[in-house]
Amino acid sequence: MSSWLEEAEMEYRADVDDAWYSVRVVAEENGDVLRVKFCGFSEEYDKVLRGSELKSKRDIHNLSERFRPISVQVQDSDCSKVSVGDIVCASFAFREDDVRFYDALVDGVENHAHARKEGGEEECLCNFFLIWMHGPNAANLTSTTIENICQVQSCKQIDPKLDCFLKRAGERFVMTADPASISKGDSSPNVTLKRSFPQFANQDTRCAKRSVSKICSSEERIGSHSDSSILDMDFGGGGNEYVILLENLDKGSAPSMIAEFIQRATSVSPEVYIFPNISSEKSTRGVLSLDSKKEFQKLTDFLDSPKHIIMSSGGRPWVIVEKMTRHNPLRASTGIQSQRTLQNMSFGSSNGIKVVHVGTEEHKMAKLLKDLFVEFFNHQKRLHEKLDLDVENILRLHQAL
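Residues numbered from 1 in each chain as written. Predicted model: local features only at pLDDT ≥ 70, side-chain atom pairs only at ≥ 80, totals over all residues. Heavy atoms only, no water.

S.K.: Just to check I follow, could you spell out helix α2 (residues 57-64) for this structure?
M.R.: Note that an α-helix has 3.6 residues per turn; residues three or four places apart therefore point the same way. Burial analysis of α2 places six of its eight residues in the buried class, which makes it a mostly covered element. Restricting attention to buried positions, one finds in α2 the residues Lys-57, Arg-58, Ile-60, His-61, Leu-63 and Ser-64. The inward-facing, buried residues of α2 abut β4 (47-50), β5 (67-68), α3 (160-170) and α7 (361-400). (Buried < 20%, exposed > 50% of the residue type's maximum accessible area, 1.4 Å probe, protein only. Helix = DSSP H or I, 4+ residues; strand = E, 2+ residues; numbered from the N terminus. Contact = heavy atoms within 4.5 Å.)

S.K.: Just to check I follow, could you spell out the packing of α2 against α3 for this structure?
M.R.: When two helices pack together, their arrangement is captured by the angle between the axes and the distance separating the axes. Here α2 crosses α3 at 170°, and the two axes come no closer than 10 Å. One finds that α2 runs roughly antiparallel with respect to α3. Counted together, Lys-57, Ile-60, Leu-63 and Ser-64 of α2 and Phe-165, Leu-166, Ala-169 and Gly-170 of α3 form the full contact between these two elements. Counted by class, the contact of α2 with α3 contains five nonpolar, two polar and one charged residues. (Axes fitted to C-alpha atoms, helices over the stretch in contact; angles between N-to-C directions. Parallel < 35°, antiparallel > 145°, perpendicular 65-115°, else oblique. Nonpolar A, V, L, I, M, F, W, Y, C, P; charged D, E, K, R; others polar.)

S.K.: Is there a simple way to think about the nonpolar core in this case?
M.R.: Nonpolar side chains tend to gather and get buried jointly when the protein is soluble and globular. In terms of nonpolar packing, the biggest core is built from 35 residues, with Val-36, Phe-67, Val-82 and Phe-128 touching the most fellow members. Among the secondary structure elements, those contributing two or more residues to this core are β1 (10-13), β2 (20-28), β3 (33-38), α2, β7 (87-95), β8 (98-110), β11 (127-132) and α3. Per element, the largest residue contribution to this core is four residues, and it comes from α3. When neighbours within four sequence positions are excluded, Phe-128 is seen to be in contact with Cys-79, Val-82, Gly-108, Val-109, Thr-142, Ser-143, Thr-144, Thr-145, Ile-146 and Ile-149. Leu-246, Met-257, Val-272 and Ile-310 belong to the second-largest nonpolar core, a separate cluster that totals 23 residues. (Core = buried A, V, L, I, M, F, W, Y, C linked by side-chain atoms within 4.5 Å.)

S.K.: Help me understand the packing of aromatic side chains, please; the structure alone is not making it clear to me.
M.R.: The geometry of two aromatic rings is summed up by the distance between their centres and the angle between their planes. Applying the stated criterion to the full structure yields 13 aromatic pairs. Look at Tyr-12 and Phe-67: their rings are 4.9 Å apart centre to centre, the planes differ by 40°, and that puts the pair in the tilted class. Residue Tyr-12 is found in strand β1, and its partner Phe-67 is found in strand β5; the two are separated by 55 residues along the sequence. An aromatic cluster is defined as three or more aromatic residues linked by ring pairs; in this entry it consists of Tyr-12, Tyr-21, Phe-38, Phe-41, Tyr-45 and Phe-67. The ring of Trp-20 carries Arg-68 above its face, with NZ or CZ at 3.7 Å from the centroid. Looking at Arg-100, its charged tip hangs above the ring of Phe-94, at a distance of 4.7 Å from the centre. (Phe/Tyr/Trp six-rings, centres within 6.5 Å; stacked < 30°, edge-to-face > 60°. Lys NZ or Arg CZ within 6 Å of the ring centre and 35° of its normal.)

Here it is, written out as C-alpha cells:
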C-alpha cells in the first residue's frame, strides 16, 4: 500500500471540484485553525480552515458533512454486497492520469458468473449502473465495474482533531439561535439530543409523567402536572425496552396508519403512540415502542437509512430525535393516542405515507424540508436551554437576597 494512503485519516470532499480525497488533518494555533493535507499531493494544495471564518452553525454543520471515514474498496469476491439503492463512492476517469471519486446511487446490477485469474484469484465480471449524485456527471446514468466502486462507511466517528476544531468554532454561537447541531451518531441528518426522553417529553405542554430510573437519575422526572385526568398507561404494556421518538408527524396522524405503514415496509409491528399538541402547532410527535432488540435495530435501520426519507401524507419528512433502550414504564395523559386504543377506528390506507429515494426530485424536496425542520428544532432547543439558564440565575439571585 502506498505510504500516503497509509497516513490517510479520513475523506474530504473538496470545494474546488466536489470530489472526495484521502486526507489527514493538522491542528494549528491552539486548535483554532485546521490544515487539511491531501494525501499524495504537495503542501501547496493544503486547505487551511479557520474557525473565525465560519459565520454560523450552518457553516459548521456543512463543513462537518465534507468529512467522513475512508471508503473501502469492494473486492471482486464481495460484489454481492453492492445492491440496488446503495450509495457508493465511485471513481471517474477524466483522463488516464486524472481519476477522481464521487458519490453515486446504484440504480441496477447486471450479474455475471465470475472468472478466475491466473493463480486462482476470483475476478468479478458484473456491471453496475450508477446515477451520479454530484460532480460533473451529476444526475447522469453510467455503467462501471467492481474495481471502480468503494463502499461508503456509515459509521461517522469523527476525528478528534476535527471534532475539537468544530467545537471551538461552535462556541461562538452557543447562545445564538443558529441552526443545525452536528449529528455524530449516524449518516442520516437527524438531530442529536443531549436531553433524555423524559426531559424532551416535558419541554412544553406535554403530559407524560414518571421518572425513568434506568435512563436518568431518580430526581429527573417528566413534568409535574397535577391534572386529575392523568392516569397510568405503560408504553408497550410495561414490557417494551426499546423506544424511538419521532418528530414532525402530521397533526392528527393516526397511530394505526403509522403502524400499518411500518408493518408493510419492514414486517415489524411496534406499538405506536401519538402525543397531543397545542392548537398553534402544525405538527406533532410520536413514540414507537418495541420489546425485541432485533426488530428495534431493523426499524432503526429503515428509518435512519441514508438511501431514503419517510414522508407523511401531508408532505412532512419524519425526523428521529431520540432512540433509547431499557425503557421503563411512563405515565401518560388520556390525550395520548395509542395504536391499541384506536385499533377499531378506520383511518383509511397507510398509502399516504411513502418512501422517497435518493436521486429523485421528491427526495431533494424532502431533504430540504427535513433540514428546515432541524433548523427549527435546534432553534427551539437553544431557547429552552437559555430559558432554563435564565430561570436558574434568577432563582439563585433571589436566594442570595
